[in-house]
Amino acid sequence: MAESKSKILIIGVTGNLGFELAKASLNASHPTFGLGSLHDEESFLIQALKQVDVVICAVASKQVHDQKPLILAIKRAGCIKRFFPSEFGADPDKTQVSHLDHNFYSRKSEIRRLVESEGVPHTYICCNLYTSCMLPSLVQPGLQTPPRDKVSIFGDGNVRGVFVKECDVAAFTINTVDDPRTLNKILYLRPPGNTLSMNELVTIWEEKIGKNLERNYLSDEELLKRIEETPYPEKMQMVFIYSVFVKGDHTYYNINSSDGVEGTQLYPRIKYTTVSEFLDTLL
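Residues numbered from 1 in each chain as written. Predicted model: local features only at pLDDT ≥ 70, side-chain atom pairs only at ≥ 80, totals over all residues. Heavy atoms only, no water.

Looking at an unreviewed UniProt entry, one finds the chain named NmrA-like negative transcriptional regulator family protein and attributed to Perilla frutescens var. hirtella.

Have a look at this one:
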């Protein structure tokens, strides 16, 4: 007899990713429950936890610290086979922008350390950037649509970043839920068609519009100066650009098989949207 599918609780189900996670969970026939936020009474939280096997947290980054009582409640409930904290971005233990990011990543690392010290079984999802984040403007701060005349390229334009569509992040996440290969591991998403430098991104766009753009290269120093001159939180988009396309925080390291796996290699049958396909929707 086939083993029954884990019952999944999704916290932050009203957000974009939370909605996609719920959809993917239901599509995969998991009994699925949702909570809007982490601000429910602890007794209510414990009650909800006791009905499920797996907890996926998809709250906004500013609520990352609110997961602390949740982790302790998971520990108390004693029935959770796996917890997915709200990461869904670059690996917070690997980023090199701690002097610039107003503790954006260190808060996520802090949650990891708590999960580990409490001995909570877990999987961390490092999906890097969503396609809805910066790709619609071709990584141009202040723009809403891709440029058709000139484009700014940060650094030398050859450092690769990774973009993944939210619904694909959700599909990969749900596939890991009952997979022993991902228990207490980091699932990295680096789809080959979505791991691109700014130069490569611009070339793909130029081919689609049948026109070469004027490329204006901004040095690392110029970008850092802009970051310095821009108030928080407006500067954060440029901080992420610096992290991804100058420092290479998505791709500078190899995935270590002792604690990490790559999603497209683990689940080759999942069909994901490539960057080129996403850019077609912007024409």
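Engineer: Just to check I follow, could you spell out the sheet that holds strand β1 (residues 8–11) for this structure?
Structural biologist: Two pairing modes exist for strands in a sheet, parallel and antiparallel, and in both the strands are linked by backbone hydrogen bonds. On the basis of which strands lie adjacent, the open sheet formed by four strands has the order β2-β1-β3-β4 and parallel pairing. Sheet topology places β2 (32–35) and β4 (82–84) at the edges, where each strand pairs with a single neighbour. With direction set aside, neighbouring strand axes in the sheet form an average angle of 15°. Pairing of β1 with strand β3 (residues 54–57) involves four bridges; the strand directions are parallel. Among the inter-strand pairings, Ile10 is bridged to a residue of β3, identified as Ile56. (Pairing = 2+ DSSP bridges. Helix = DSSP H or I, 4+ residues; strand = E, 2+ residues; numbered from the N terminus. Axes fitted to C-alpha atoms, helices over the stretch in contact; angles between N-to-C directions.)

Engineer: Just to check I follow, could you spell out the environment of Asn103 for this structure?
Structural biologist: As for its position among the elements, Asn103 is in the loop between β4 and α4 (104–117). Among the polar contacts made by the side chain of Asn103, one reaches the side chain of Ser106 at a distance of 3.3 Å. (Polar contact = N/O pair within 3.5 Å; in protein donor to acceptor, adjacent residues only side chain to side chain.)

Engineer: What am I meant to see in unusual backbone geometry here?
Structural biologist: Across residues other than glycine, the phi torsion is negative in most instances, and most of the peptide bonds are trans. Cis geometry is found at the peptide bond from Tyr232 to Pro233, where omega equals 5°. Turning to its location among the elements, Pro233 is positioned in the loop between α7 (220–229) and α8 (236–246). One non-glycine residue, His102, lies in the positive phi region at around 50°. Relative to the helices and strands, His102 is located in the loop between β4 and α4. The backbone phi angle of Asn103 is positive, close to 65°, even though this residue is not glycine.

Engineer: What's the story with the nonpolar core in this structure? I'm lost.
Structural biologist: Soluble globular proteins: nonpolar side chains tend toward being buried together. Among the nonpolar cores identified, the biggest contains 37 residues, and Val139, Phe163 and Leu223 are the most heavily contacted of them. Listed by contribution, the elements that provide at least two residues to this core are α4, β7 (150–154), α6 (198–209), α7, α8 and α10 (275–280). Looking at this core, the element that brings in the most residues is α8, giving nine residues. The contact partners of Val139, leaving out residues within four places of it in the chain, are Met134, Phe154, Phe163, Met198, Leu201, Ile241 and Phe245. (Core = buried A, V, L, I, M, F, W, Y, C linked by side-chain atoms within 4.5 Å. Buried < 20%, exposed > 50% of the residue type's maximum accessible area, 1.4 Å probe, protein only. Contact = heavy atoms within 4.5 Å.)

Engineer: Looking at this structure, I do not really get the pattern of salt bridges. What am I missing?
Structural biologist: Between side chains of opposite charge, a pair can form when the charged atoms approach closely. Throughout the structure, instances matching the rule amount to 14 salt bridges. The partner of Arg160 in a salt bridge is Glu200, and the shortest N-O contact between them spans 2.5 Å. On the criterion of sequence distance, the pair formed by Arg160 in strand β8 (residues 160–164) and Glu200 in helix α6 is long-range, its members being 40 residues apart. Note on Glu200: relative accessible area 25%, which makes it partly exposed. Measuring nitrogen to oxygen at the nearest pair gives 2.9 Å for the salt bridge that ties Glu206 to Arg215. (Salt bridge = Lys/Arg side-chain N within 4 Å of Asp/Glu carboxyl O.)

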